[in-house]
Amino acid sequence: MSKFDDFGFSIDLTVRNEWRNIDLLRTSVQNCFIAVFADLDGCHAIAMVTGELLENALKYGDWTNADRAMFRLRVEGRDPNIQVSVQNPLKPDDVHATTLTKQIEWLASFPTPEAAYRARMLQIAQDDEEGTPSRLGLARIAFEGNCRISAKIENGTVNVTALLMREPT
Amino acid sequence: MVNLKSGDLTIEVAVSPDGVYSCTWRGKSNERNPPEILKPWFEQLLAAVGERKGSIEMHFEKIDHFNSSTITALIKLIQTCRKATVKLAMVYDQSLKWQRLSFDALRVFEKNDDLFQLRFA
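Computed from a predicted model, the values in this text were never measured in an experiment.

Peer 1: What is the right way to read the overall build of chain A from this model?
Peer 2: Counting secondary structure elements, chain A contains five helices and five strands. When the helices and strands of chain A are placed in sequence order, the string is β-α-α-β-β-α-α-α-β-β. For chain A, whose C-alpha radius of gyration is 16 Å, the value lies close to the compact-globule estimate of 15 Å for 169 residues. Its C-alpha atoms put chain A at 50 × 40 × 25 Å along the principal axes. Considering chain A as a whole, with its 169 residues, one finds that 37% of them fall into the buried category.

Peer 1: I tried to follow the interface of chain B and chain A on my own but got confused; where do I start?
Peer 2: Interfaces are often sized by the accessible area lost when the parts come together. At the interface, 17 residues of chain B touch 22 residues of chain A. When residues of the side of chain B that touches chain A are traced back to their parent elements, those giving at least two are α2 (68-83) and α3 (97-105) of chain B. When residues in the side of chain B that touches chain A are grouped by element, the largest group, six residues, is from α2(B). A per-class count over the side of chain B that touches chain A returns seven nonpolar, seven polar and three charged.

Peer 1: Could you clarify how one ought to interpret the environment of A:Q83 in this entry?
Peer 2: Residues and elements named next belong to chain A. Checked against the element boundaries, Q83 lands in strand β3 (residues 81-89). Between the C-alpha atoms of Q83 and N21, which are 62 residues apart in sequence, the distance is 20 Å. Beyond its immediate chain neighbours, meaning those up to four positions away, Q83 contacts E76, T161 and L163.

Peer 1: Is there a simple way to think about the pairing of strand β5 (residues 157-164) of chain A in this case?
Peer 2: Put simply, side chains in a regular strand alternate between the two faces of the sheet. Residue and element names in this part refer to chain A. In β5, alternate side chains face the same way, and those of V158, V160, A162 and L164 are buried while those of T157, N159, T161 and L163 on the opposite face are not. Pairing between β3 and β5: eight bridges, direction antiparallel. Following the sheet pairing, V86 is matched in β5 by V160. For strand β4 (residues 147-154) and β5, the ladder comprises eight bridges, and the chain directions are antiparallel. Within the sheet, the bridge partner assigned to R148 lies in β5 and is L163.

Peer 1: What am I meant to see in the sheet that holds strand β1 (residues 9-16) of chain A here?
Peer 2: The strands that make up a sheet are held in pairs by hydrogen bonds between backbone atoms, and each pair lies either parallel or antiparallel. Residues and elements named next belong to chain A. The five strands lie next to each other as β1-β2-β3-β5-β4, forming an open sheet whose pairing is antiparallel. The sheet terminates laterally at β1 and β4, the two strands that pair on one side only. On average, adjacent strands in this sheet sit at an angle of 15° to one another, irrespective of strand direction. Where β1 lies against strand β2 (residues 70-78), eight bridges are found, and the strand directions are antiparallel. Paired with T14 across the two strands is R72, which belongs to β2. Here helix α1 (residues 19-36) sits on the sheet and contacts β1 and β2; the angle it forms with β1, its principal contact strand, is near 170°. Most of the contacts of helix α5 (residues 137-144) go to β4, to which it runs at about 140°, and overall it touches β4 and β5.

Peer 1: Before we go on, may I ask you to explain the nonpolar core in this structure?
Peer 2: One broad rule of soluble globular proteins: the nonpolar side chains tend to lie buried together. Of all hydrophobic cores here, the largest spans 68 residues; its most connected members are A:I46, A:V49, A:A142 and B:I56. The greatest single-element share of this core, amounting to eight residues, is contributed by helix α2 (residues 40-60) of chain A. Those residues within four positions of A:A142 in sequence are excluded, and the remaining contacts are A:L107, A:P113, A:A116, A:C147 and A:I149.

Peer 1: Please clarify how the packing of helix α4 (residues 113-126) of chain A against α5(A) should be interpreted in this entry.
Peer 2: A pair of packed helices can be characterised by two numbers: the angle between their axes and the separation between those axes. Residue and element names in this part refer to chain A. It is the contact of α4 with α5, at a shortest axis distance of 8 Å, that shows an interaxial angle of 150°. Taken as axis vectors, α4 and α5 run roughly antiparallel relative to one another. By crossing handedness, the relation of α4 to α5 is classed as left-handed. Counting all contacts with α4, which are made through P113, E114, A116, Y117 and R120, the residues of α5 involved are A139, R140, A142 and F143. Residue composition of the contact of α4 with α5, grouped by class: six nonpolar, no polar and three charged.

Peer 1: What's the story with unusual backbone geometry in this structure? I'm lost.
Peer 2: Note: most residues except glycine have negative phi, and most peptide bonds are trans. Residue and element names in this part refer to chain B. Positive phi, normally seen in glycine, also occurs at K53, with a value near 50°. Of note, K53 is situated in the loop between α1 (34-52) and β4 (55-59). When the 9 C-beta atoms within 10 Å are taken as the criterion, K53 is described as exposed.

Peer 1: Just to check I follow, could you spell out the confidence of the model for chain A for this structure?
Peer 2: Note: predicted coordinates in regions of low pLDDT should not be interpreted at a detailed level. Here chain A shows a mean pLDDT of 90. Residues at 70 or above account for 93%. α5(A) holds the highest mean pLDDT among the elements of chain A, 98, whereas β2(A) holds the lowest, 93.

Basis of the calculations
Residues numbered from 1 in each chain as written. Chains lettered and ligands numbered in written order. Predicted model: local features only at pLDDT ≥ 70, side-chain atom pairs only at ≥ 80, totals over all residues. Helix = DSSP H or I, 4+ residues; strand = E, 2+ residues; numbered from the N terminus. Rg over C-alpha atoms; globule rule 2.2 N^0.38 Å. Buried ≥ 20, exposed ≤ 12 C-beta atoms within 10 Å, placed from the backbone. Contact = placed C-beta atoms within 7 Å. Nonpolar A, V, L, I, M, F, W, Y, C, P; charged D, E, K, R; others polar. Pairing = 2+ DSSP bridges. Axes fitted to C-alpha atoms, helices over the stretch in contact; angles between N-to-C directions. Core = buried A, V, L, I, M, F, W, Y, C linked by C-beta atoms within 7 Å. Parallel < 35°, antiparallel > 145°, perpendicular 65-115°, else oblique. Left-handed = near helix turned anticlockwise from the far one by under 90°. pLDDT = per-residue confidence, 0-100.

What follows is the structure, encoded as structure tokens:
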């Protein structure tokens, strides 16, 4: 029996869509996990994944409706994997919905997340257009966070989930 | 060359007598659009380095966090320095796994021209 079987953990917050909240949440998640695990590198990875998912939510979410100016962050742990999910408004016919789906498929088309990450960096280097979104975040999550990424778009919201596959300590 | 201070990020510049512009990153680079802040500062830096025919060392050992948009700005800096034939070195802390992963991946931009180097402290 793993020592992780003794407990699970769950963070579930609905938060205002303000940019400064990203770093507040990222550092809070990092500090919570430092309190749970001795593995500082792993805690940094969880925090990085949280930050990148939240940044994407704020950059690409549909924030036109002031009544829906909130996103939901969930971080859950079950022996020894950790799941980080961010849910935010997004119209299914929005270009960002299509881009997100295509990007997840593109990442999965590589033999390893590292290969996908390197390929994305080379694309960015070759892209001369100013101000084009780099969309490096998902590739970074997959590679540096050692994550499987999935997304579900329904009822005007998107839920992007990163499953971190941690090695038992 | 003036230091950069923007939000949670500081980049301190020190110039050696032989023209090495040593730039130490501290804090966090977590802005929504880091290239908006970094690009004009990099341009000033490159102009100063060009005047002295110097080189650049970017030190990341003291930085706590940067987002993926910052990595995009760094990739563009590598490209710009190479075009301008300015030597650029990035120095990181190999004992930190996140820095090791982030910077080792940038080795994809190392060529035999000696213009871009990755080093760990």
